[in-house]
Amino acid sequence: MNYFIKQFGNPKGSIGRLLGKMMKYSNKKMHKGVLSEINSPGRILEIGFGSGSQLEMIYRHYPESELYGIEISEEMITMAEKNLEGKARLSLYDCCVMEFENGFFDMVITTDSCYFWSEPENVLKEIKRILKPSGRLILAYNSMYAKFVHDFDNSKSFRMYDSKTIKTAIDKAGMKLLSEKRCAYKQKVFTILVDEAV
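Reference entry: report on the structure contained in this document. (Residues numbered from 1 in each chain as written. Predicted model: local features only at pLDDT ≥ 70, side-chain atom pairs only at ≥ 80, totals over all residues. Heavy atoms only, no water.)

When we look at burial in helix 5 (residues 74-84), the residues that qualify are E75, M76, I77, M79, A80 and L84. Where helix 5 starts, the residue carrying a side-chain oxygen 3.3 Å from the main-chain nitrogen of E75 turns out to be S73. (Buried < 20%, exposed > 50% of the residue type's maximum accessible area, 1.4 Å probe, protein only. Helix = DSSP H or I, 4+ residues; strand = E, 2+ residues; numbered from the N terminus. Polar contact = N/O pair within 3.5 Å; in protein donor to acceptor, adjacent residues only side chain to side chain.)

What follows is the structure, given as structure tokens:
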């Protein structure tokens with residue numbers, strides 16, 4: 001089981017490619033939930049884009065948007081590049097330190113990835129830095145899957161794996177929760193504001 005949890009966090013090889021294809025469908029309702037929170041084109045970053053299906057969905061609705069993605073899996077980079085055909089700028093690196101200027105993005109989105117962040121405080125700090133004042137973070141997660149990740153985590157470090165821990169992390173980061181919506185069974189989408197006054 002632990003092997004598959006690690007594969008979901010950083011897909012590799014033939015198993016990783018298979019999981020990438022599976023996640024395209026298992027995350028579909030969360031992707032639609034994230035899309036429903038986007039109401040205008042802009043400069044958008046996705047953290048952990050997998051096969052690129054969420055970015056593809058955004059491009060179809062907002063083709064004038066400037067799309068970016070970061071991912072730690074080389075396998076997913078290769079898969080997404082084929083699927084997106086140049087519709088987004090994709091990079092391979094960890095989200096704890098992001099090589100973007102301050103206030104660069106209008107929006108940051110992430111689906112099914114926050115429970116793999118080994119240092120969620122640092123990730124949220126970086127997200128806050130790269131977002132424009134009053135920019136938004138849209139975070140989607142599957143609480144049932146997140147609990148599996150949490151239960152098999154031996155590091156005992158703080159993880160964002162349920163509504164309570166996500167809200168605690170958001171509050172500590174000086175961000176404001178605007179909405180929490182259910183998009184499917186055990187799946188939620190949080191819309192979070194980076195307040196100018198913070």
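All told, the structure shown has nine salt bridges when counted by the stated rule. In this structure, K181 and E37 form a salt bridge, with 2.8 Å as the shortest nitrogen-oxygen distance. Separated by 144 residues along the polypeptide, K181 in strand 6 (residues 176-184) and E37 in the loop between helix 3 (28-36) and strand 1 (43-47) bring together distant segments of the chain. By relative accessible area, K181 is classed as partly exposed at 43%. (Salt bridge = Lys/Arg side-chain N within 4 Å of Asp/Glu carboxyl O.)

Let us look at the nonpolar core. Formed by 32 residues in total, the largest nonpolar core has its most connected members in L45, M98, F100, W117 and I127. Contributing elements (two or more residues each) for this core: strand 1, strand 2 (66-71), strand 4 (105-111), helix 6 (120-130), strand 5 (131-142), helix 8 (163-172) and strand 7 (187-193). Those residues in contact with F100, other than ones at most four positions away along the chain, are L45, Y68, I70, Y93, F105, R129 and I130. The next biggest cluster of nonpolar side chains, apart from the first, holds 21 residues, and it includes V34, M57, M107 and A140. (Core = buried A, V, L, I, M, F, W, Y, C linked by side-chain atoms within 4.5 Å. Contact = heavy atoms within 4.5 Å.)

Moving on to the sheet that holds strand 6. Read across the sheet, seven strands follow the order 3-2-1-4-5-7-6 without closing on themselves; strand pairing throughout is mixed. Strands at the two margins of the open sheet, each flanked by one partner only, are strand 3 (89-92) and strand 6. Between one strand axis and the next, the sheet turns through 15° on average, direction left out of account. Bridging between strand 5 and strand 7 involves seven bridges; their strand directions are antiparallel. Bridge assignment links L139 to a residue of strand 7, and that residue is F190. (Pairing = 2+ DSSP bridges. Axes fitted to C-alpha atoms, helices over the stretch in contact; angles between N-to-C directions.)

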